[in-house]
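Each chain is listed here by its residues.
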Amino acid sequence: MTTQRAERAERAASRKSRKRRLTRRRAVGAAGGALLLTGATLGANVLLSPAGAATTAAAWPTPTGDKPVTKTIEVSGTYDGGLQRFYGSGDLGGDGQEEGQDPIFKLKDGAVLKNVVLGKPAADGVHCSGSCTIQNVWWEDVGEDAASFKGTSTGSVYTVTGGGARKADDKVLQFNGAGKLNISGFQVSDFGKLVRSCGNCSKQYKRTISINDVDVTAPGKSLVGINTNYGDTATLRKVRIHGDASKKIKPCIRYTGNSSGDEPTETGSGPDGTYCKYSASDVSYQ
């Protein structure tokens, strides 16, 4: 009897041990399944949230007020427009394509213009006499040009950050001077050219242009035009072109410029690694 009781006790202990092992295996299996599910979910999230997804263009601001301008506003230091709408009146009331118009704002070397809406008529927009920063400035209806850069120093740096422009019959940004133009976080729609290195100015310079993180909406003709014979370069990164399935907008056009006032000669377009510096992945069509 003692032996039978011992055997029964041994069998009961064995059953308890097997039950504990089975319970542990089930727990481990459940944890592993949860881990696999979590991994699958994370994987799906990675696939569903594309790296480098298109940035949504900022909404156009609602002006806080209207301010007619009859005489060019000269800016030294920083001018914050408080997102008022400035528009030309009187002698600045033109909105055509005539060369030589006066601007609404003239920025002295080192000046900053920010939080401004330029309405219609916008005359010749903004002129930079030297290095300048144009921050969060919006052109509702571009006149002759939105902004012109006229510094004569090779060290001049012009920065356009944020903001946008629309309804430009020809050029948005006119680069007449020397130095470097940096454009970032900008948006443009219904335009001719986003930026053009002057093709026939009486005095010519080498110009460097950088376009980064911009939204472009058709119709439009080109993003940048440069003069290779003066050593101009244009670098494009994170350019998003909307509504141009047929790819009519040319990202970069090369010209032979002159100082005689003649129409410059177009010599080619597209990336070449020397003057037009970008690759297919730098420009997306959406």
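About the thresholds
Residues numbered from 1 in each chain as written. Predicted model: local features only at pLDDT ≥ 70, side-chain atom pairs only at ≥ 80, totals over all residues. Heavy atoms only, no water. Helix = DSSP H or I, 4+ residues; strand = E, 2+ residues; numbered from the N terminus. Buried < 20%, exposed > 50% of the residue type's maximum accessible area, 1.4 Å probe, protein only. Contact = heavy atoms within 4.5 Å. Areas by Shrake-Rupley, 256 points an atom, 1.4 Å probe, with all protein chains shown as cover. Disulfide = S-S within 2.5 Å. Polar contact = N/O pair within 3.5 Å; in protein donor to acceptor, adjacent residues only side chain to side chain. Phe/Tyr/Trp six-rings, centres within 6.5 Å; stacked < 30°, edge-to-face > 60°. Lys NZ or Arg CZ within 6 Å of the ring centre and 35° of its normal. Pairing = 2+ DSSP bridges. Axes fitted to C-alpha atoms, helices over the stretch in contact; angles between N-to-C directions. Core = buried A, V, L, I, M, F, W, Y, C linked by side-chain atoms within 4.5 Å.

K.L.:
Residue-level account of the overall build of the protein chain, with values.
P.N.:
A count of helical and extended segments in the protein chain gives one helix and 21 strands. Counting over 286 residues, the protein chain shows a buried share of 41%. Considering only contacts within the protein chain whose residues lie at least 6 apart along the sequence, 60% involve residues at least 24 apart. If you sum the accessible surface of the protein chain, you get close to 14500 Å²; carbon and sulfur atoms cover 51% of it.

K.L.:
Account for the state of the cysteines, naming residues and giving values.
P.N.:
Overall, the coordinates contain three disulfides when judged by the stated rule. Between the sulfur atoms of cysteine 198 and its disulfide mate cysteine 201 the distance is 2.1 Å. An S-S torsion of about 105° defines the bridge between cysteine 198 and cysteine 201 as right-handed. Overall, cysteine 198 belongs to the buried group, its relative accessible area being 5%. Exposure remark for cysteine 201: the relative accessible area of 16% places this residue in the buried category. Each sulfur in the disulfide pair cysteine 252 and cysteine 276 lies 2.1 Å from the other.

K.L.:
An account of the side chain of asparagine 258 is requested, with residue identities and associated values reported.
P.N.:
Within the secondary structure, asparagine 258 sits in the loop between β18 (250-256) and β19 (265-269). A polar atom in the side chain of asparagine 258 sits 3.1 Å from the backbone nitrogen of glycine 261. Residues contacting asparagine 258, with those up to four places away along its chain left out, are Gly199, Asn200, Cys201, Gln204, Tyr230, Glu263 and Pro264.

K.L.:
Kindly report on unusual backbone geometry, identifying the contributing residues and their values.
P.N.:
In this structure, the amide linkage connecting lysine 120 to the following residue, proline 121, adopts the cis form with an omega of 0°. With respect to the helices and strands, proline 121 occurs in the loop between β5 (111-118) and β6 (126-128). Cis geometry is adopted by the peptide bond preceding proline 219, which originates at alanine 218 and carries an omega value of 10°. Within the secondary structure layout, proline 219 lies in the loop between β15 (207-217) and β16 (222-227). Its identity as a non-glycine residue notwithstanding, asparagine 115 has a phi of 55°, on the positive side.

K.L.:
Tell me about the packing of aromatic side chains, and name the residues and values.
P.N.:
This structure, assessed with the given rule, holds eight aromatic pairs. When the centroid spacing of 5.2 Å and the interplanar angle of 45° are considered together, the rings of phenylalanine 149 and tyrosine 158 count as tilted. Pair check on accessibility: phenylalanine 149 and tyrosine 158 agree, each one buried. Summarising the aromatic geometry, the rings of phenylalanine 149 and phenylalanine 175 are spaced 6.4 Å apart at their centres and angled 85° between planes, so their arrangement reads as edge-to-face. On the criterion of sequence distance, the pair formed by phenylalanine 149 in strand β8 (residues 147-149) and phenylalanine 175 in strand β11 (residues 171-175) is long-range, its members being 26 residues apart. Considered together, phenylalanine 149 and phenylalanine 175 belong to a single accessibility category, that of buried residues. The ring of tryptophan 60 has arginine 166 lying over it, and the distance from NZ or CZ to the ring centre is 3.9 Å. Geometry around tyrosine 255 places arginine 196 over its ring, the cationic atom sitting 3.9 Å from the centre.

K.L.:
Kindly report on the environment of isoleucine 249, identifying the contributing residues and their values.
P.N.:
Mapping isoleucine 249 onto the fold places it in the loop between β17 (233-242) and β18. When the C-alpha positions of isoleucine 249 and valine 216 are compared, they lie 9.3 Å apart, and in sequence the two are 33 residues distant. Aside from chain neighbours lying at most four places away, what touches isoleucine 249 is Phe191, Val216, Ala218, Gly220, Lys221, Ser222, Leu223, Ile241, Asp244 and Tyr285.

K.L.:
I'd like a rundown of the sheet that holds strand β4 (residues 105-107), residues and numbers included.
P.N.:
Read from one edge of the open sheet, nine strands run β2-β4-β6-β8-β11-β14-β16-β18-β19, paired in mixed fashion. At either end of the open sheet lies a strand with only one pairing partner, and these are β2 (73-75) and β19. Averaged over neighbouring strand pairs, the angle between their axes works out to 20° when direction is ignored.

K.L.:
So what's going on with the nonpolar core? Which residues, and what values?
P.N.:
With 53 residues, the main nonpolar core has Ile134, Trp139 and Phe149 as its most contacted residues. Not counting residues up to four positions away in its chain, the partners in contact with isoleucine 134 are Leu107, Leu113, Val126, Cys128, Trp139, Ala147, Phe149, Thr159, Val160 and Thr161.

K.L.:
Go over the environment of glycine 162, please, and point to the residues and values.
P.N.:
Its place among the elements puts glycine 162 in the loop between β9 (157-161) and β10 (164-166). Separated by 24 residues in sequence, glycine 162 and phenylalanine 186 have C-alpha atoms that sit 4.7 Å apart. Residues within four places of glycine 162 in sequence aside, it is in contact with Asn136, Ser184, Gly185 and Phe186.

K.L.:
Explain the pairing of β5 residue by residue, including any values.
P.N.:
Here β5 lies mainly inside the structure; seven of its eight residues are buried. As paired strands, β5 and strand β7 (residues 132-139) are joined by seven bridges and run parallel to one another. Considered in β7, the bridge of leucine 113 is made with isoleucine 134.

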